[in-house]
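# Structural features, examined
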Amino acid sequence: ADEGMWLPLFVKRLNQADMQKKGLKLTAEEIYDVNNASLKDAVVQLGGFCTGEFVSSQGLLLTNHHCGYDAIQSHSTPQNNILQNGFFAATRQEEKQNPGLFVDILVRMEDVTGKVLEGITPTTPEQERTATVQKRQRELADNAKENGKYVAYVRDMFGGNEYYLFIYQRFGDVRLVGAPPEAVGKFGGDTDNWMWPRHTGDFSMFRVYADKNNQPTATPQPGNVPYVPKKHLPVSLQGVSEGDFAMVLGFPGRTQRFLPAAGLQLTLDQTNPARIKLRDTRLKLWKEDMDQDAALRLKYASKYAGIANYWKYYIGQNEGMKRLKTVDAKKAEENALLQWIAQDPARAQQYGDALNVINQSYAGIRQYNLSTQYVNEAAFGTEIIPLAARLMPLATALKANDKAAVDKAVADLKGPLADHFKDYSAPTDKKVFAALMALYMQDVPKDQQPDVFQTVQKQYGGSMPKYADYVFSNSFLASEAKLNAFLAAPTLAKLEADPGYKTYQSVYQNYVQNIVPKLQGLQAGLGRANRLYVAALREKNSQKVYSPDANSTIRLSYGTVRPYRGRDAVAYDYKTTAQGILEKEDATNPEFVVPQKELDLLKMKDYGRFADKQGNLPVAFITDNDITGGNSGSPVINGRGELIGLAFDGNWEAMTGDLAYDPELKRCINADIRYVLWCVEKLGGAKHLVDEMTIVNNGPNPG
Ligand code: ARG
């Protein structure tokens, strides 16, 4: 029922009474405490993009399948296809290292608003304010790092009205322990994605490793041992009922609930359509090739999933904005705010121009926004252009004629290049390049286009496919062997003559020199105006406690297990069972294939201790917790602090949720922990991993 991704720091002050009313039995200190083990010690940010939770004293971590997808795919080959077949490590030795993957564990957080804004007044010139704020943010973070012992940063909240310091321990040795077959972990595929009812076993398992003193290491080390967390979550097999209290702790990435109407309008009619069109094109071309070739399918699986996920998100967001009249609602709110501001001369003095400036800024941004979208989704939607961008440090070193810097730049490229080419198909990328860059040339205003398009016009008769032929036949960026040959004896002349690099340079320089300065001017005014707008809104509605927009910092949301009515005459139940897997099963549709072993077990109703009271195997359930991307993998915790599920998605009817919250429609989709454990123990034959967990039996969930 409740909007809000709350900072755990303030649970006591803001929400404790309400949470207890709904069924919470824990104290605020059991959720967040700096000095004693609390729930926050069991919940980690995974790789900066997802959430995971400790479920054993040996550093065993649960998260979503789609969070582990990239790691799972990276260990898969056509010969040993663990993405397809699933995998559970039988021993610690079989757990697979993932260089580059890390988890951050929160040490503490602090409200540093007073420190950051000290001496700053409403009359402080904006430039001076920005410079002071940035300097203080940096100093506070640097100081908190204790010479590299911690990762620390200051994040602003409420559009720069408040500032918080976050201090983490970062563990760089996170090993893959297990995952179900993709047909379980991504059951329903893109068809079911962002939809309820759901039948996906969206989980995977990792283990965090530390040195002999339980301290983090930056990279995987052979001598490391399983990390002993301060706290791990007990697991309840009791199951959920409607109305049960549910709490989600995790790291939601980004919401924009304070985005003004003009910003919503821009998203609705310019940004999202551009993203959808460009992703449509890219996905279709990738899929054509993936369907032709199993090895290529595996190479592009993770890239495809990531692009497709938000492609569908943007479609749903736009559909929802139209259906729910999100822009109109925001306009009405702004009109009420304007009236409230006009009522009082002091308010008018302080906030009077905020919405005007906002509207003017967006009118200006609208002129250049397509350039931004096409740089991101067209040029950087190819693979050769982002690869070229990686050579920038090398170009800088070559320009400076600095031998040591050149050697370092080349050495730094080794890992990323190997990763890139491991999953790369140049012929596929060429097709994508031809299509996306043609759309760039067609859709973006002529006076905002990079010079390279003139070359395409003059030398290739305006044909992007012909230009793509030329680039991909001649650029060393399209071939691992050629690129390595170049890197063995790099010169600036060779680099600058490369057609792939030249294309990137043209796009990049055009954007930085001709577009960014225009946008920066507009955004500078917008920053101040947004801050005032949010401050005015909070002052006007002072009886309402606002939670800050998500920004990848740790948050708590709470609510209850709850069904919903999706639209006129359509009511959704709050839980699904294995019966629905069998109903959806379709051997002819790759998205709905059910592995034979699962079919056999389900037909025998071999559910063991994971069955519900009616004798069904529970699969997923929904709650009205407020979550967003980044929360993926978050623990769903009952009123006693026990794990009952893993949050993994949101529902189609509430795809506007990141922009505006609708309590009647928005639901959080969770894998039932009993299905997860059934997949590990019965389907995966990895009972030893379940045995590592602390299974508790304390009766039904409170609430
Ligand atoms: N929509 C989910 C999220 O962003 C990801 C689901 C992944 N599954 C899939 N079929 N692509 O959290």
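Quick caveat, the model's predicted, so the values are computed rather than measured.

For the rest of this paragraph, the subject is the site of the ligand. For the ligand, the full set of nearby residues is His66, Lys186, Gly189, Asp190, Asn193, Trp194, Ala305, Asn309, Gly629, Ser632 and Asp649. Elements that contribute at least two residues to the shell around the ligand include exactly helix 9 (189-192) and helix 11 (294-324). Tallied by class, the residues present in the shell around the ligand amount to two nonpolar, six polar and three charged.

A few words on the environment of Gly320. Mapping Gly320 onto the fold places it in helix 11. The exposure class of Gly320 is buried, given the 20 C-beta atoms found within 10 Å. On a C-alpha basis, the gap between Gly320 and Met655 in space is 6.1 Å, while along the polypeptide they are 335 residues apart. Excluding its chain neighbours within four sequence positions, the residues that come into contact with Gly320 are Met655 and Thr656.

Another aspect to go through is the domain arrangement of the protein chain. Here the protein chain is described as being made up of domain 1 (8-102 + 172-254 + 549-696), domain 2 (106-171) and domain 3 (261-528). With centres defined by C-alpha atoms, the gap from domain 2 to domain 3 works out at 29 Å.

Another aspect to go through is helix 18 (residues 426-443). One turn of an α-helix holds 3.6 residues; hence residues three or four places apart share an orientation. With 18 residues, helix 18 extends 25 Å between its outermost C-alpha atoms, agreeing within 8% with the 26 Å of an ideal straight helix rising 1.5 Å per residue. Buried residues dominate helix 18, accounting for 13 of its 18 residues.

Attention now moves to the packing of helix 10 (residues 261-292) against helix 12 (residues 326-342). Close contact between helix 10 and helix 12 brings their axes to 9 Å; oriented N to C, the two are set at 165 degrees. In this view, helix 10 runs roughly antiparallel relative to helix 12, as classed from their interaxial angle. Relative to helix 12, the crossing made by helix 10 is left-handed. Contact with helix 10, carried on its side by Ala261, Leu264, Gln265 and Leu268, involves Thr326, Val327, Lys330, Lys331 and Glu334 of helix 12 and no other residues of that element. Looking at the contact of helix 10 with helix 12 residue by residue, the class counts come to four nonpolar, two polar and three charged.

Within strand 19 (residues 643-650), eight of the eight residues are buried, which leaves the element mostly enclosed by the surrounding structure. The pairing of strand 18 (residues 635-637) with strand 19 spans three bridges and is antiparallel. Counterpart to Ile637 in the pairing with strand 19 is Leu643. Connecting strand 18 to the next strand, strand 19, in antiparallel fashion are five residues, including Gly641 with a positive phi near 85 degrees. Of the strand pairs in this sheet, strand 19 and strand 20 (residues 668-672) are connected by five bridges, and their pairing is antiparallel.

Look at helix 12 against helix 23 (residues 499-540): their axes get within 10 Å of each other, and the N-to-C directions meet at 80 degrees. Viewed along their axes, helix 12 and helix 23 adopt a mutual orientation that is roughly perpendicular. For the pair formed by helix 12 and helix 23, the contact residues are Leu337, Trp340 and Ile341 on the first element and Ala536, Leu537 and Lys540 on the second. The class makeup of the residues in the contact of helix 12 with helix 23 is five nonpolar, no polar and one charged.

So, about unusual backbone geometry. Cis geometry marks the peptide bond from Trp196 to Pro197; its omega dihedral reads 5 degrees. Topologically, Pro197 is positioned in the loop between helix 9 and strand 9 (204-210). With a phi angle near 45 degrees, Glu146 is a residue other than glycine that sits in the positive phi range. Of note, Glu146 is situated in the loop between helix 7 (126-144) and strand 6 (151-157). For Glu146, a count of 10 C-beta atoms within 10 Å corresponds to the exposed category. Look at Ser552: it is not a glycine, yet its phi comes out positive at around 65 degrees.

To continue, consider the nonpolar core. In this structure, Met247 and Val676 are the most contacted members of the largest nonpolar core, which totals 113 residues. The element best represented in this core is helix 26 (residues 673-683), accounting for eight residues. Not counting residues up to four positions away in its chain, the partners in contact with Val676 are Gly201, Phe203, Leu646 and Ala671. Residues Val432, Ala438, Val471 and Phe472 belong to the second largest nonpolar core, which totals 44 residues.

About the cut-offs
Residues numbered from 1 in each chain as written. Predicted model: local features only at pLDDT ≥ 70, side-chain atom pairs only at ≥ 80, totals over all residues. Near = placed C-beta within 6 Å. Helix = DSSP H or I, 4+ residues; strand = E, 2+ residues; numbered from the N terminus. Nonpolar A, V, L, I, M, F, W, Y, C, P; charged D, E, K, R; others polar. Buried ≥ 20, exposed ≤ 12 C-beta atoms within 10 Å, placed from the backbone. Contact = placed C-beta atoms within 7 Å. Domains from an automatic or database assignment. Expected span 1.5 Å × (residues − 1). Axes fitted to C-alpha atoms, helices over the stretch in contact; angles between N-to-C directions. Parallel < 35°, antiparallel > 145°, perpendicular 65-115°, else oblique. Left-handed = near helix turned anticlockwise from the far one by under 90°. Pairing = 2+ DSSP bridges. Core = buried A, V, L, I, M, F, W, Y, C linked by C-beta atoms within 7 Å.

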